[in-house]
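# Overview (structure and organization)
One letter stands for each residue in the lines below.
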Amino acid sequence: EYILGTDPWVPNVGLTLDSAATVAEGLSVTFYARQAAGTGYAGLTRLYDVESAAAVGASWSGVAGSTGIVGSNQTVTVTPPFEGPRRFYHVKVRLQ
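Rules and cut-offs
Residues numbered from 1 in each chain as written. Predicted model: local features only at pLDDT ≥ 70, side-chain atom pairs only at ≥ 80, totals over all residues. Heavy atoms only, no water. Pairing = 2+ DSSP bridges. Helix = DSSP H or I, 4+ residues; strand = E, 2+ residues; numbered from the N terminus. Axes fitted to C-alpha atoms, helices over the stretch in contact; angles between N-to-C directions. Phe/Tyr/Trp six-rings, centres within 6.5 Å; stacked < 30°, edge-to-face > 60°. Buried < 20%, exposed > 50% of the residue type's maximum accessible area, 1.4 Å probe, protein only. Polar contact = N/O pair within 3.5 Å; in protein donor to acceptor, adjacent residues only side chain to side chain. Contact = heavy atoms within 4.5 Å. pLDDT = per-residue confidence, 0-100. Salt bridge = Lys/Arg side-chain N within 4 Å of Asp/Glu carboxyl O.

Strand order in the open sheet formed by 3 strands is β1-β2-β6, with antiparallel pairing between adjacent strands. Where the open sheet ends on each side, the last strands, each with one partner, are β1 (17-23) and β6 (74-78). Taking the axes of each pair of neighbouring strands and ignoring which way they run, one obtains an average angle of 15 degrees across the sheet. Across 6 bridges, β1 lies against strand β2 (residues 26-33) in antiparallel orientation. Bridge pairing links Ser-19 to Thr-30 in β2.

Encoded structure:
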């Protein structure tokens, strides 16, 4: 909750995909990147990394050009390069 910047007592708040769509390049994913602000976040930056894996249980690796996205209360759209017929994706959030 702290890393994501959400309140555990407020339901339906967190990292959500606003959209995931098939496009000519493969897949397009849109999410909201929150800024690290408020009590306890002085001097910290919230970063978002879109990662992919070839299979469930396989190791995750950053999608080229889609890691270290600085959260500044903006909508982010990522279109990962096509890497084959099947990929799994997730968004990792971290503070730095």
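Read on for the rest.
Before going further, it helps to spend a moment on the packing of aromatic side chains. Per the stated rule, a full pass over the model turns up 2 aromatic pairs. Plain terms: the ring middles of Tyr-2 and Tyr-41 are 4.8 Å apart, the flat faces sit at 10 degrees to each other, and that makes the pair stacked. Placement of Tyr-2 in the segment before β1 and of Tyr-41 in the loop between β2 and β3 (46-53) is noted, with a sequence separation of 39 residues between them. Here Tyr-2 falls in the partly exposed class, since its relative accessible area comes to 44%. Look at Tyr-41 and you get buried, because its relative accessible area is 10%.

Moving on, we get to the side chain of Thr-6. With respect to the helices, strands and loops of the structure, Thr-6 is situated in the segment before β1. A distance of 2.3 Å separates a polar atom in the side chain of Thr-6 from a polar atom in the side chain of Glu-1. Among residues more than four places away in sequence, those in contact with Thr-6 are Glu-1, Val-13 and Gly-14.

The next subject is the confidence of the model for the chain. Overall, the predicted model of the chain reaches an average pLDDT of 89, with 100% of residues at or above 70. Ranking the elements of the chain by mean pLDDT puts β1 last, at 80, and strand β5 (residues 69-70) first, at 98.

The tally for this structure, following the rule as stated, stands at 2 salt bridges. Across the pair Arg-94 and Asp-49 runs a salt bridge whose closest N-O atoms are separated by 2.6 Å. Placement of Arg-94 in strand β7 (residues 88-95) and of Asp-49 in strand β3 is noted, with a sequence separation of 45 residues between them. Looking at Arg-94, the relative accessible area reads 28%, which means it is partly exposed. When its relative accessible area of 4% is taken as the criterion, Asp-49 is described as buried.

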